[in-house]
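Next come the chains, spelled out residue by residue.
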Amino acid sequence: AKNYVAELDDIDSGDEPLLFKGGSDSVLHKAEAKHDVKASFRKGKNVLQVRGEADKVHAALDDIKRFLNGGDGVTVCKFKVDEKAIGGVIGKGGSNIAKLEQEFEGVMVHIPKENN
């Protein structure tokens, strides 16, 4: 039955945009395609709902959790940067971020707008 629904309800509000980064090449869209499931955020809540066959839903949630929290060779690092130093991290026109993401496979840098 493709009507099985599971929820991931401990998603940090700053992590939600990361799941959509890259558009059709985003983590969320890749998980949907790989596991033949549909995923959506519940309005006004930091809850991700995934619908499909039970085993595929759980596999997709495992991929998403690994991306958000690390595990199985994936490392996640979140840290605060002083406002005075954020420009040095980003680089002119985002050059430092672009360099990291291009030179190291799988690296994704995200700086939430509300935090600069």
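Notes on the structure in this doc start here. (Residues numbered from 1 in each chain as written. Predicted model: local features only at pLDDT ≥ 70, side-chain atom pairs only at ≥ 80, totals over all residues. Heavy atoms only, no water.)

## As for the nonpolar core
By size, the foremost hydrophobic cluster in this structure holds 17 residues, and its most contacted members are Leu 8, Ile 11, Leu 19, Leu 28, Leu 48, Val 50 and Ile 64. Secondary-structure elements contributing two or more residues to this core are β1 (4-8), α2 (27-35), β2 (38-41), β3 (48-52) and α3 (54-69). Broken down by element, the residue count for this core peaks at five residues, all from α3. The residues touching Val 50, leaving out its near neighbours within four places in the chain, are Tyr 4, Val 5, Ala 6, Val 37, Lys 38, Ala 39, Val 57, Ala 60 and Leu 61. (Core = buried A, V, L, I, M, F, W, Y, C linked by side-chain atoms within 4.5 Å. Buried < 20%, exposed > 50% of the residue type's maximum accessible area, 1.4 Å probe, protein only. Helix = DSSP H or I, 4+ residues; strand = E, 2+ residues; numbered from the N terminus. Contact = heavy atoms within 4.5 Å.)

## Quick look at the pairing of β3
With burial as the criterion, only one face of β3 is covered, namely that bearing Leu 48, Val 50 and Gly 52; the residues Gln 49 and Arg 51 on the opposite face remain uncovered. Looking at chain direction, β1 and β3 are connected through five bridges and run antiparallel. Counterpart to Glu 7 in the pairing with β3 is Gln 49. The pairing of β2 with β3 spans four bridges and is classified as antiparallel. Bridge pairing in β3 places Ser 40 opposite Gln 49. (Pairing = 2+ DSSP bridges.)

## Remarks on α3
Side chains of residues three or four places apart in an α-helix project in the same direction, reflecting 3.6 residues per turn. The terminal C-alpha atoms of α3 lie 22 Å apart, and with 16 residues this matches the ideal 22 Å at 1.5 Å per residue to within 8%. Where α3 is concerned, the buried positions are Val 57, Ala 60, Leu 61, Asp 63, Ile 64 and Leu 68. The arc that holds every buried residue of α3, seen down its axis, measures 155 degrees, which confines them to one face. Facing away from the buried side of α3, by more than 90 degrees, are the exposed residues Asp 55 and Asn 69. Buried residues belonging to α3 abut β1, α1 (16-20), α2 and β3. Two residues or fewer past α3, Gly 70 is found with a positive phi of approximately 90 degrees. (Expected span 1.5 Å × (residues − 1). Arc of directions from axis to C-beta.)

## A short note on unusual backbone geometry
Its identity is not glycine, yet Asp 36 carries a phi of approximately 55 degrees, on the positive side. For Asp 36, a relative accessible area of 42% puts it in the partly exposed group. Positioned with a positive phi, Asp 72 is a non-glycine residue whose angle comes to about 50 degrees. By the secondary structure assignment, Asp 72 is in the loop between α3 and α4 (86-90).

## Observations concerning the sheet that holds β2
With respect to topology, three strands assemble into an open sheet ordered β1-β3-β2, the strand pairing being antiparallel. If you trace the sheet from one side to the other, it starts and ends with β1 and β2, each paired once. Strand-to-strand twist across the sheet, computed as the mean angle between neighbouring axes with direction ignored, equals 20 degrees. Packing of α3 onto the sheet brings it into contact with β1 and β3, and relative to β1 it is tilted by some 15 degrees. (Axes fitted to C-alpha atoms, helices over the stretch in contact; angles between N-to-C directions.)

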